[in-house]
Amino acid sequence: MLFKLCDENAASGFEGQVSEIIIKEAKKYADKLVKDSMGNIYAFKKGTDSQKTIMVSAHMDEVGFIISSITDDGYLKFRVVGGINENVLVGKRVTVGKNKIKGVTGIKAVHLMTKDERNEKPSCEKMYIDIGVSSREEALKLVNIGDYAHFDTKTENFGKNFIKAKALDDRCGCFIILELLKKRYKNDIYFCFVVQEEIGVRGATALSAKLNPDEAITVEGTTCLDLPFVEEYDKSTSAGDGAVLAIADSSTYYDRDLTQSLFECAEKAQLKKVGVGGTDGRAFQLNNIKAAAVAVPARYIHSPVSVVNNEDIENTIKLLENYLEVEKDA
Amino acid sequence: MLDMLCMIDAPCSMEQSMLKFIQTKLECDSEYDGIGNLIAHKKGDGKKLMFFVSVDEDAIVVMNRDKRKVHFSHKGERKINKGDLLSFGGYLAVAEDEKSCTLLKEYEINTADTGCIYAPVYEDEGVILAKEAASKLAVSAMCEATSENSNYDVYFVFGVKGKMRNTGLSAAVSKIKPDKLFIFEETAKESEKLCVKLMTKAFNSNRELSQNLIDKYSLEVIINSEETSSGAVAVCEETAVIGIPVENTEFARQKANTKLREDILNLIKGEL
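Reference entry: report on the structure contained in this document. Being a predicted model, the structure only gives us computed values, none of them experimental.

## Looking at the pairing of strand β9 (residues 148-151) of chain A
All names here are of chain A.
Item 1. Taken together, the two bridges between strand β4 (residues 64-70) and β9 define a ladder with antiparallel strand orientation. Directly across from I66, in β9, lies its bridge partner Y148.
Item 2. As paired strands, strand β6 (residues 93-96) and β9 are joined by three bridges and run antiparallel to one another. When the bridges of β9 are listed, V96 appears paired with A149.

Written out as structure tokens, the structure is:
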């Protein structure tokens, strides 16, 4: 299921194809399943002895690109959707549109660059997507302005229990919530899959205002920089050290009591102040909802390929099952 | 009460001790909302008025610890200079720079523990030198104001997580949905009076409400595109931001005139 989720495309605003996979799986286990007008999905399961309502949430969308114009020679100009470091864009395989037309991101070859151009930071304004056609008319037969493009990366196991894929932020969160959905719990729980997190936590803002739970937990893929040349204090989180319980990130301080309760449910977890970036946790707090973030450490997020440790995913599932208090299998 | 307020640490997200103390000084019902704001409510039938102040200070979160050396992340706008004292729940450390410090002893401090700048209060002859001096003056005045009666439905909100993009204010406004909102915060403007922030970076106040305050209480006016205001996050049409002038806004302790506490109290009473 994780492989299926990561291989599908869903840039912010284009989550439909991933939401279809989720709906098909979730309806086997949900008491009630709803898709709202924004595209957010929530599956409700009644608790066996409910004292509170809990929302667990992951976002379906990923960073990507949107086609902004087509040149006379058939090259596609684009803009990024979400936060992508433009340094990672040059010479990457992408697919464009619903029909997944194959393309490559291009820029002037280094041999042809002036000294100034070589020293400039790459910018998507100077890049294009080459889909192998030679005219605008030919391009328009395959793609349209406004189509989304995504990194073309196949999900694979590799190394010692690692997975490499695009969009692990936050398909691993979606996968974890689908696994949680298979069981029944003590409290009433909304299992949520939200849209447009990467462009401003929009789906979570709307959905949490609507559901108004007592607590909300966002399940994410978070930054991980456990590389040999990085100082210990700069490592953010470490792959293989278990689920991350975030104390804070650049936009939110999470609820301490809730975070501590989650930490005590973990067999293997790391309590961290993570670095840059934010999560849907901020959206929950702005709607006056107690919020925490549980995350899987993911190396190289917001790039063509990110990496997670399978054991960290399993630990995160166990942590949440413990906290949510599993009653019996669905 | 003011001196006690100044002695309690309240780093962003760890405001509980401060709020518990404030709660003992209130003269009406109070409760905590979903994210931890303390809301004192004087029920009435009229329009909803909300008075707001953030109670938190800069937070220092431990990122990594190796014997006595600690690397931390600092949230807030005060400067941390080499040699400044930091406190992690009473355990002291000396700052090496903006991101690291050395503990005075090998205390039990762990990753994710939160501390603050250690800066004792000084008060003398109508002047106070304290961390978040403006906020402390407003908190003290708002606590006393909870004993006043009003025809309005009044909320006094002591907010959390102000240093984290004014989360507490946004959450409180989202919950209470006031008709009129008065926010107390510091200003670097040199003045002996309270000020109204008419226009600052990303915020324009409700002109009629602000002008009314200016005329009624002889307040100074701030029109400054460089000064920030938490009013920028408040989604309430009738919002006025009252600036409490302090000196040394870039340092751990600010200097303020304690007479301003009476001015704040008179303003609140006048609006009730």
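## Topic: the pattern of salt bridges
Item 1. A complete count under the given rule lists 28 salt bridges over all chains for this structure.
Item 2. Between D7(A) and K154(A) there is a salt bridge; the shortest N-O distance is 3.3 Å. In this pair, D7(A) is assigned in helix α1 (residues 2-7) and K154(A) in the loop between β9 and β10 (156-158), connecting sequence segments 147 residues apart.
Item 3. For K269(B), the salt bridge is made with E148(B), and the minimal N-O distance between the two is 4.0 Å. Highlighted residues: K269(B) in helix α6 (residues 259-271) and E148(B) in the loop between α3 (133-145) and β12 (153-159), separated in sequence by 121 residues.

## Digging into the pairing of strand β13 (residues 188-194) of chain A
Residue and element names in this part refer to chain A.
Item 1. Counting buried positions along β13 yields seven of seven residues, so the element is predominantly enclosed.
Item 2. Along β13, one buried face is formed by D188, Y190, C192 and V194 and the opposite face, lined by I189, F191 and F193, is buried too.
Item 3. Bridge count for strand β2 (residues 41-45) against β13 is five bridges, and the pairing is antiparallel. Looking at β13, one finds that F44 is bridged to Y190.
Item 4. In the sheet, strand β3 (residues 53-59) pairs with β13 via seven bridges, with the strands oriented parallel. Following the sheet pairing, S57 is matched in β13 by C192.

## Focus: the packing of α3(B) against α6(B)
Residues and elements named next belong to chain B.
Item 1. The interhelical angle for the contact between α3 and α6, taken along N-to-C directions, is 40°, at an axis separation of 9 Å. By the criterion of interaxial angle, the relationship of α3 to α6 is oblique. In terms of crossing hand, the pair formed by α3 and α6 is right-handed. Here α3 contributes L137, A138, S140, A141, M142, E144 and A145 to the contact with α6, which in turn contributes L260, R261, I264, L265 and I268.
Item 2. Across the contact of α3 with α6, the residue classes tally to nine nonpolar, one polar and two charged.

## Quick word on the sheet that holds strand β9 (residues 114-117) of chain B
Residue and element names in this part refer to chain B.
Item 1. The strand order around the closed barrel formed by six strands is β4-β5-β8-β7-β6-β9, and the pairing between neighbours is antiparallel. Strand-to-strand twist of the sheet, defined as the mean angle between neighbouring strand axes without regard to direction, takes the value 40°.
Item 2. Pairing of strand β4 (residues 59-66) with strand β5 (residues 69-75) involves seven bridges; the strand directions are antiparallel. Bridging across to β5, A59 finds its partner in K75.

Reading the values: the criteria
- Residues numbered from 1 in each chain as written.
- Chains lettered and ligands numbered in written order.
- Predicted model: local features only at pLDDT ≥ 70, side-chain atom pairs only at ≥ 80, totals over all residues.
- Heavy atoms only, no water.
- Pairing = 2+ DSSP bridges.
- Helix = DSSP H or I, 4+ residues; strand = E, 2+ residues; numbered from the N terminus.
- Salt bridge = Lys/Arg side-chain N within 4 Å of Asp/Glu carboxyl O.
- Buried < 20%, exposed > 50% of the residue type's maximum accessible area, 1.4 Å probe, protein only.
- Axes fitted to C-alpha atoms, helices over the stretch in contact; angles between N-to-C directions.
- Parallel < 35°, antiparallel > 145°, perpendicular 65-115°, else oblique.
- Left-handed = near helix turned anticlockwise from the far one by under 90°.
- Contact = heavy atoms within 4.5 Å.
- Nonpolar A, V, L, I, M, F, W, Y, C, P; charged D, E, K, R; others polar.

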